[in-house]
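# Architecture at a glance
Here is what each chain is made of, one letter per residue.
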Amino acid sequence: MTWLLCTTFAVLIAVGIFHVLQRDAIRLVLGFSLLLGAANLFVLLSSAYFGTRAPYVRFGAAGGDPVPQVLILTAIAIGFGVTALLVALVLASGRRLGTVDLDEISRLER
Amino acid sequence: MPSILPILPLLLGFGGATLVLVLGRHPVRLRLLVGLLQLAILAAVLLVLLRTLDGTVLVQRAGGWRPPLGIAFVADRLSALFGATIAAIATAGVAYALADAEAARRHRIMALFFMLQAGMFGAVFTGDLFNLYVFVELFGVSSYGLVAYRGEAPQVEAALKYATLSLLASVLMLMGIASVYAQTGTLTLAALHEASVRLASPPLYLFSLALVLSPLSLKAALFPLHFWLPDAHSMAPTAVSIVLSGAVVKVGGYGVLRVLFSHDPWVGEQVGRVLLPLAATTAVGAACMAYAQGDLKRFLAYSTASQMGYVLAGGALGTAAGLGSAVVYSTVHAATKASLFAVAGAAEELSGERRWDRMGGLAALSPPLAASALVALLSLAGIPPLAGFAGKFAVFSALAARGAWLSLFALVAAALINLVAVGRIWLGMAGGPPGDLAGSPSRPKLVLAATTAILVVLLGLGTGPLFEAGRAAAVQLLDGRAYRQAVLGP
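Predicted, not measured: the structure shown is a model, and the values here were computed from it.

This paragraph deals with the overall build of chain A. Assigned secondary structure in chain A consists of 4 helices and 0 strands. Going residue by residue from the N terminus, the α and β elements of chain A occur as α-α-α-α. Put simply, chain A has 110 residues, and 31% of those count as buried. Long-range contacts, defined as pairs at least 24 residues apart, comprise 47% of the intrachain contacts of chain A with a sequence gap of at least 6.

Structure follows, in structure tokens:
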């Protein structure tokens, strides 16, 4: 399971960085949400530090740690809000400047 | 000592934002409401400062749970001093926004100012690493909105750049926090001291810590994470620039210092070795870039990055004198920069120009504004008896005491470049034939510029107490026993 998570993490990071580096602002947002997902997977992996069983009181010390999973919940909520804000910014630039191409947006400024 | 005070400014910020959204549709009522709420926040933070100046550490535990289960909000000397600076600058920013015909009519913008403050106070008073992340995101999100609210092309671009970079850095912070937790088993800042002594792999821990510190350094505009700042700070509406340049960068600096020195001293020493050269590079590089700017607000933005280099250089030393100078410099720079942005905003309205070389004749057009500009510029340049001199002197002497000659040389060079740049700008703005009057700034804006300039003068006169408070905060941070005992219990 850890190998699967590690591979998924690596793929998400790679695809995320690729998209963040594109000129299209919409792909930037997509890449950012992939990176957020990767970060959440990373936190989940770190919770397997003390064991991989479900964190439940009766399992005792062998279970995983519940705290990182709580962190993920918060991070997902924050990530959702932040992604919505990024989409709003991209929409604003699309409506007011007529483009979502980052190079063109910088060119408009000059 | 258990107390509700550390969480009070945060609650007032959240409550204020909600109240403004619900009740603020009527312009007159909005002004009254915003003014009262802002004064309440200022009073609450000053109360925290008064209660902590004698060395008391105030703790508020969420739900009454003790750490490691519960999450604590803590106010010690350091966080109270930074909190007071933030509250004062935010008050200046909100006052400027109220004097602005456009911002004062829109209750959603005023609500964002309160959310921004709630986030900053949360970040300053929290005693938990993950909470720090949450509050950094919160004030970040509010500030992207504030930069972009006019919706003009340069503002949207600046906000997009600022948001993207900060958000990417905060993804790193999340991973850093997870790996710090995996290695120490705690997220409570007070418990990191003990945990950092018995680590399985110190190099791995330093790497995780670098991930945690990267978004904080980005907010503090540390080289090489500074390049969003000139756009965001110069393109934002002036009221927002005041808060961004005066307060928001300071929260980043505070976060770096707090996280770093919550650990055992070896961590601060190791990270300081990297932080000091980076801070010195920031100071010199940004000073050179500032020299090359023709746009007044852009000059101020680059100068903010340069001045944050001084703050972090002082902090990176890890000595009581160094950290004390970081606190003093933050306060002094916050007041100076708030004053300068207020002046710049008023001068822009007066002349209709953004470039300082086209603002000529300010002294003839508006003597009070020119006087405020002179005071603030001289303080930025570090001319004695003004506040800026005290800050620079504190940082320089801390560097000299530690024998960090190369960094000292770099900072002195940055100060000289800054001095020349400031002199040039003053001659360009005040001297020369008066240009055409494009408009006249409203009287409240002029009063605000003058008030902040007077604050700079007062800070310069009250250097002694400020130095003592900074030094006491540094000693308390480095010692850390009172903080840990208050949070973790005996």
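Moving on, there is more to tell.
Here we come to the overall build of chain B. What chain B contains, in helices and strands, is 20 helices and 2 strands. For chain B, whose C-alpha radius of gyration is 21 Å, the value lies close to the compact-globule estimate of 23 Å for 490 residues. When the backbone C-alpha atoms are referred to their principal axes, chain B occupies close to 70 × 55 × 40 Å. Here chain B holds 490 residues, and the buried ones make up 65% of them. For chain B, the proportion of contacts with a sequence separation of at least 24, taken over those separated by at least 6, is 81%.

Turning our attention to the interface of chain B and chain A. Of the residues lining the interface, 24 residues belong to chain B; the matching set on chain A comes to 30 residues. Of all elements in the fold, only α5 (129-148) and α6 (153-184) of chain B reach the threshold of two or more residues within the side of chain B that touches chain A. Per-element tally for the side of chain B that touches chain A: the top contributor is α6(B), with 17 residues.

So, about the confidence of the model for chain B. Residue and element names in this part refer to chain B. Residue-level pLDDT values for chain B average 84, and 97% of them are 70 or greater. Taking the mean pLDDT of every element in chain B, the minimum, 70, falls on helix α14 (residues 362-365) and the maximum, 90, on α5. Scored by ipTM, the complex comes to 0.88, with pTM at 0.89.

Here we take up the nonpolar core. One finds B:V147, B:A159, B:A283 and B:A313 to be the most contacted residues of the largest nonpolar core, which totals 232 residues. What B:A283 contacts, discounting residues up to four positions off in sequence, is B:S306, B:G309, B:Y310, B:A313, B:A410, B:L411 and B:A414.

The next thing to look at is helix α12 (residues 296-317) of chain B. In an α-helix, one turn spans 3.6 residues; hence positions three or four apart end up facing the same way. Residue and element names in this part refer to chain B. Taking 1.5 Å of rise per residue, 22 residues should cover 32 Å, and α12 covers 32 Å from first to last C-alpha, within 8% of that figure. In terms of burial, α12 is a largely internal element, 22 of the 22 residues being buried. Backbone geometry just downstream of α12 places G318 in the positive-phi region, at approximately 75°.

What follows deals with the packing of helix α1 (residues 8-23) of chain B against helix α4 (residues 107-125) of chain B. All names here are of chain B. Closest axis-to-axis distance for the α1/α4 pair is 8 Å, and the angle between their directions is 165°. Comparing their axes, α4 and α1 come out roughly antiparallel. Regarding α1 and α4, the two cross each other, and that crossing is left-handed. For the pair formed by α1 and α4, the contact residues are P9, L10, G13, F14, G16, A17, V20 and L21 on the first element and H107, M110, A111, F114, M115, Q117, A118, F121, G122 and F125 on the second. Tallied by class, residues from the contact of α1 with α4 come to 13 nonpolar, 5 polar and no charged.

All names here are of chain B. Cis geometry is adopted by the peptide bond preceding P224, which originates at F223 and carries an omega value of 0°. Summarising the element assignment, P224 is placed in the loop between α8 (202-219) and α9 (229-235). Within the chain, A221 stands out as a residue other than glycine whose phi angle is a positive 60°. Along the chain, A221 falls in the loop between α8 and α9.

Moving on: the packing of helix α15 (residues 367-381) of chain B against helix α18 (residues 443-461) of chain B. Residue and element names in this part refer to chain B. Here α15 crosses α18 at 35°, and the two axes come no closer than 9 Å. Pair α15 / α18 crosses with left-handed handedness. Mapping the contact onto sequence places P368, L369, S372, V375, A376 and S379 in α15 and L446, A449, A450, A453, V456, V457 and G460 in α18. Class assignment of the residues belonging to the contact of α15 with α18 gives a composition of 10 nonpolar, 3 polar and no charged.

All names here are of chain B. For α15, spanning 15 residues, the distance from its first C-alpha to its last is 21 Å, which sits close to the expected 21 Å at 1.5 Å a residue. Restricting attention to buried positions, one finds in α15 the residues L369, S372, A373, V375, A376, L377, L378, S379, L380 and A381. Backbone geometry just downstream of α15 places G382 in the positive-phi region, at approximately 85°.

This brings us to the environment of B:A394. Residue and element names in this part refer to chain B. As for its position among the elements, A394 is in helix α16 (residues 387-402). Note on A394: 26 C-beta atoms within 10 Å, which makes it buried. Each C-alpha atom of the pair A394 and A326 lies 8.3 Å from the other, and the pair is 68 residues apart in sequence. Excluding residues within four positions of it along the chain, A394 makes contact with G324, S325, V328, Y329 and F467.

Criteria and thresholds
- Residues numbered from 1 in each chain as written.
- Chains lettered and ligands numbered in written order.
- Predicted model: local features only at pLDDT ≥ 70, side-chain atom pairs only at ≥ 80, totals over all residues.
- Helix = DSSP H or I, 4+ residues; strand = E, 2+ residues; numbered from the N terminus.
- Buried ≥ 20, exposed ≤ 12 C-beta atoms within 10 Å, placed from the backbone.
- Contact = placed C-beta atoms within 7 Å.
- Rg over C-alpha atoms; globule rule 2.2 N^0.38 Å.
- pLDDT = per-residue confidence, 0-100.
- Core = buried A, V, L, I, M, F, W, Y, C linked by C-beta atoms within 7 Å.
- Expected span 1.5 Å × (residues − 1).
- Axes fitted to C-alpha atoms, helices over the stretch in contact; angles between N-to-C directions.
- Parallel < 35°, antiparallel > 145°, perpendicular 65-115°, else oblique.
- Left-handed = near helix turned anticlockwise from the far one by under 90°.
- Nonpolar A, V, L, I, M, F, W, Y, C, P; charged D, E, K, R; others polar.

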